[in-house]
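Structural features, examined
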Amino acid sequence: MKKVTSIKYLIGLVIPVMFATGCKKEFLEKPPTSAIVDAGFYQTDAQVMAGTASLYNRVWFDYNDKAYYNLGDFRAGTAFSAWNDRGNVLFNTTGDNGENGAAWRAFFNVVAQSNLTINNINKYAGAGVSPSVKATAIAEARFMRAVAYRFLVSNWGEVPVIENNLELLTDTSLRKHTVPSIWRFITREMRAVAENLPTTASQPGRITRWSAEGMLARFYLTRAGVEATGPTGRKQEFLDSAKYYAQRVITNSGAQLLPNYENLFKFPYDNNRESLFELQWVFAPGSWGFQNTAPAYLNYGPDIANGDGWGGDKGATWWMFKQYEGFTASGDTMLRGRTLDQRLKATYMLPGAHYPEITQTLNGVDQRLIFPYVAGDVNFASIKKYVVGKAEDVGGEAASQNYPNNTYMLRLAEMYLIYAEAVLGNSASTTDATALEYFNKVHTRAGLPAETDPLTFDMIFRERILEFAMEGMAWYDFVSLHYYNPQKAYSILNEQDRGYYNITPDAFPNPTMWTIKKTTWHTTERQINANAGNFRLPIPNVELSQAPNLNKPAVDYP
C-alpha cells in the first residue's frame, strides 16, 4: 500500500528528526522544539515538503488519541462510555478533564508547529527551492492552523489567535479574541490558502485546493449562524458562500462517493476518492505519536485487537438507535426492529452481525468476526468505525496502540449536505431540485429509499448525525446550531437518553431483528442538562494558571 511518492513515506523520513528534537506540550512554551529547525535543512523542494509532513499527523496526536470521540461524539450523544470518560458523557466536563486538556494542547500544538514551519520556510528556504513549492508548503501550514482554530473557537469560544509564536517570548499582553473575529480570521486564511494549493495532490494524502474550498463551505455555513440575528436569521451572504464552495468542490474536485458506505472504513481505505482531507497515520514501531492509537480504545475486546481492546464499555446511545429508520418504539422503554440503513452496521456492532474483514480469536482459534451476544440486562452496540482488526487484517502493520489507518477530517458527503442546508437557509423547508438530489446521494448510498418530501432542517441535521457518527463530527453540528438557535440545541441534547440498555437478537448468529430494552434499574444519569453555563468547554485549569490573561475579557482580532 505504501509508495515512496506518498506523504506517509515522507512522514517516515521525518520521524527520526522529530524524535531527536523532542516535543513540548504547553502552547505558551514557545518556540516549540518538535520541529525541523536546522537552517541547512530547507534547501530543496523535497526537504521543504518533508518539513510539512508531520503537520498531517504528529501534531494532531493528542486530539486523535481519545479526545476526538470524547468531544465529537460523547458530548454530542451519538455514543457513550458506561464507566469511563463520564464527564464528557454527562456533559459536566471540567477544567481538569484529561481529554479537555489533551484537545486544547493538541490544537495549540498544531498552531505552534504551523507557525514555526511558516517561519522556518520563509527564513531558511534556499535558492534551490522553487517558488511554487514554497508557496504550497506555507499554504499547508496555514491550512492546518485555520483548521485547528475552527476546533478551538467551536469548543472554547474566545481563545488567543497566535500567528507568530516567536513573539510570545517577549509578549506579556496575550489576550483572548472574540468569536466573530476568530471566524473572520480563519475564513480569510482559508481563502488565501486555496489560491496556493494545487488542484491535484502532489502526493497521495496531501491537501489540495478542494480541501481548502471544502473547509470554506464548512466555515461559511457555521459563520452564517455566528452572525445570525436569531433562530431564523442566519446571514444570507454566508449561506450563499457555503453553497458556492460546496458546489465548486462537488463539480470540480473529481471526488466521488464510494458506492458502498461500509468500504469507507474497511482497511485500506486511506486517501480514497471520497476523501478531501485525512490525518495521515503510519505504523511506526518505537516512534510514539505518528501512529493511530484510537482503535485501541474503540476495539471492544482483546479477541479482535493487538494486545489492547479497551472499548468494551463504549457504544451507541439509546438516542442514536432512535435515529435509524426501521426501529419502532414500544412506549418509552423498548425499541424493536432492523434497519435498511447500512450505516448502522458500519458504525456500531449489534449481536450476530458479521464482519469478515476482522479476525476474531476465541479459545485460541481464529475465525471471521461475529459480534457476540452477551445475555443480561446491560450490553452494548460496540464501536465499528475505525476498528480494523488484528495485524493479519492490515497487512501485518498493527500492534498494541499502533495502527496505520487514517482519520477522516473532510469527506465529499459533507459537501452534499452543506449544499442542501445552505439552500434551505432560513426557510422552514425547500423543494429545490438540486438540494434534494444532493441530499439523496448521501441518503440512498446508505441503502434507503430516496426522499421526495420537502427538505427541512431536522431532516438534514439527522442525516448528518447518521452519516458522520463516530467521526468526531456530531458535536460541531450542535455548535453550529447553537450559534443561532441555542434553545433548539439544548432541547435536542436534553431529550437524549444516554443510559444503559440491553440488545437481544431474535436469532444468533444471523438475526433478522433486535429488541433493545432500557435497563430498568438504571434510573439516574440517563439524561443531561445542557445550558448556557456548560455548553462551551472550560479552558483547562493548568493553562489558566500559566496564562492569567486568559481570564480577561476577549478583544477583537485585527
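Residues numbered from 1 in each chain as written. Predicted model: local features only at pLDDT ≥ 70, side-chain atom pairs only at ≥ 80, totals over all residues. Heavy atoms only, no water.

Observations regarding the overall build of the chain
A count of helical and extended segments in the chain gives 18 helices and twelve strands. For the chain, whose C-alpha radius of gyration is 23 Å, the value lies close to the compact-globule estimate of 24 Å for 558 residues. Taken over 558 residues, the chain has a buried fraction of 62%. Summed over all atoms, the accessible surface of the chain reaches about 19700 Å², with 52% contributed by carbon and sulfur. A distance of 2 Å separates the average location of the 53 positive side-chain charges in the chain from that of its 54 negative side-chain charges. (Helix = DSSP H or I, 4+ residues; strand = E, 2+ residues; numbered from the N terminus. Rg over C-alpha atoms; globule rule 2.2 N^0.38 Å. Buried < 20%, exposed > 50% of the residue type's maximum accessible area, 1.4 Å probe, protein only. Areas by Shrake-Rupley, 256 points an atom, 1.4 Å probe, with all protein chains shown as cover. Lys, Arg positive; Asp, Glu negative; His and termini not counted. Charge placed at Lys NZ, Arg CZ, Asp CG, Glu CD.)

Remarks on the pattern of salt bridges
By the definition in use, this model includes 35 salt bridges. Where E274 meets R445, a salt bridge forms, and the shortest distance between an N and an O atom there is 2.9 Å. With E274 in the loop between α9 (236-252) and β2 (275-279) and R445 in helix α14 (residues 433-445), this residue pair connects regions lying 171 residues apart in the sequence. Ionic contacts of the salt-bridge type, sharing partners, join the residues E274, D341, R343, K385, R411, R445, E463, E467 and E471 into one network. (Salt bridge = Lys/Arg side-chain N within 4 Å of Asp/Glu carboxyl O.)

Focus on the sheet that holds strand β4 (residues 327-330)
Spatial strand order, β4-β5-β12-β11: four strands in an open sheet with antiparallel pairing. Among the strands making up the open sheet, the edge pair consists of β4 and β11 (501-505). Across the sheet, the mean angle from the axis of one strand to that of its neighbour is 20 degrees, orientation sign disregarded. Pairing between β11 and strand β12 (residues 514-518): five bridges, direction antiparallel. (Pairing = 2+ DSSP bridges. Axes fitted to C-alpha atoms, helices over the stretch in contact; angles between N-to-C directions.)

Focus: the environment of W156
Tracing the backbone shows W156 in helix α6 (residues 131-156). Residue W156 is classed as buried on the basis of its relative accessible area, which comes to 3%. For the pair W156 and L537, spaced 381 residues apart in the sequence, the C-alpha separation amounts to 5.1 Å. Residues in contact with W156, not counting those within four places in the same chain, are N100, A103, W104, F107, F151, R536, L537, P538, I539 and P540. In this structure the side chain of W156 is engaged in a polar contact, spanning 3.2 Å, whose partner is the backbone oxygen of P538. (Contact = heavy atoms within 4.5 Å. Polar contact = N/O pair within 3.5 Å; in protein donor to acceptor, adjacent residues only side chain to side chain.)

Considering the confidence of the model for the chain
Here the chain averages 93 in pLDDT, while 92% of its residues score no lower than 70. Confidence, expressed as mean pLDDT per element, reaches its minimum in the chain at helix α1 (residues 7-21) with 49 and its maximum at helix α13 (residues 412-424) with 99. Confidence drops under pLDDT 50 across residues 16-34; counting only partners more than four residues distant or on other chains, this segment forms 48 contacts. (pLDDT = per-residue confidence, 0-100.)

Here we look at the pairing of β2
With respect to burial, β2 is a largely interior element, five of its five residues being buried. Where β2 lies against strand β10 (residues 407-411), four bridges are found, and the strand directions are antiparallel. By the bridge assignment for β10, L279 is matched with T407.

Some thoughts on helix α3 (residues 61-74)
Taking 1.5 Å of rise per residue, 14 residues should cover 20 Å, and α3 covers 19 Å from first to last C-alpha, within 8% of that figure. The sharpest bend along α3 reaches about 65 degrees and sits at A67. Burial analysis of α3 places 14 of its 14 residues in the buried class, the great majority of the element. (Expected span 1.5 Å × (residues − 1). Bend = angle between axes of the 7 residues up to and from the residue.)

A short note on the packing of helix α7 (residues 179-196) against helix α8 (residues 209-226)
Interaxial distance between α7 and α8 falls to 9 Å at its minimum, and their mutual angle equals 160 degrees. Here α7 lies roughly antiparallel to α8, going by the angle between them. Crossing of α7 over α8 shows left-handed handedness. Residues V179, P180, W183, R184, I186, T187, M190, R191, V193, A194 and E195 of α7 form the contact with α8, whose participating residues are R209, A212, E213, M215, L216, F219, Y220, T222, R223 and V226. (Parallel < 35°, antiparallel > 145°, perpendicular 65-115°, else oblique. Left-handed = near helix turned anticlockwise from the far one by under 90°.)

Digging into the packing of aromatic side chains
Tallied over the full model, the rule gives 47 aromatic pairs. A ring pair is formed by Y68 and Y69, whose centres lie 5.4 Å apart and whose planes are at 90 degrees; its orientation type is edge-to-face. Looking at Y69, the relative accessible area reads 0%, which means it is buried. Relative to W310, the ring of Y297 lies with its centre 5.5 Å away and its plane at 50 degrees, an arrangement referred to as tilted. With Y297 in helix α10 (residues 294-298) and W310 in the loop between α10 and β3 (314-316), the pair connects residues that are 13 residues apart, well separated along the chain. On the basis of relative accessible area, W310 is assigned to the partly exposed category, the value being 39%. One residue, R75, lies across the ring of W475, its end atom 4.5 Å from the ring centre. (Phe/Tyr/Trp six-rings, centres within 6.5 Å; stacked < 30°, edge-to-face > 60°. Lys NZ or Arg CZ within 6 Å of the ring centre and 35° of its normal.)

Notes on helix α5 (residues 98-124)
Helix length check: α5, at 27 residues, gives a terminal C-alpha distance of 37 Å against a target of 39 Å (1.5 Å per residue), a fit within 8%. With 21 of 27 residues buried, α5 lies mostly within the body of the structure. N-cap assignment for α5: the residue whose side-chain oxygen lies 3.1 Å from the backbone N of E99 is N97.

Concerning the environment of V249
In this structure, V249 sits in helix α9. Residue classification places V249 among the buried residues on the basis of a relative accessible area of 0%. Residues V249 and N165 lie 84 residues apart in sequence; the distance between their C-alpha atoms is 33 Å.

Things to note about the packing of α5 against α6
The interhelical angle for the contact between α5 and α6, taken along N-to-C directions, is 155 degrees, at an axis separation of 9 Å. As far as their axial angle goes, α6 and α5 are roughly antiparallel. Every pair of crossing elements has a handedness; the one defined by α5 and α6 is left-handed. Split by residue class, the contact of α5 with α6 holds 17 nonpolar, six polar and three charged. (Nonpolar A, V, L, I, M, F, W, Y, C, P; charged D, E, K, R; others polar.)

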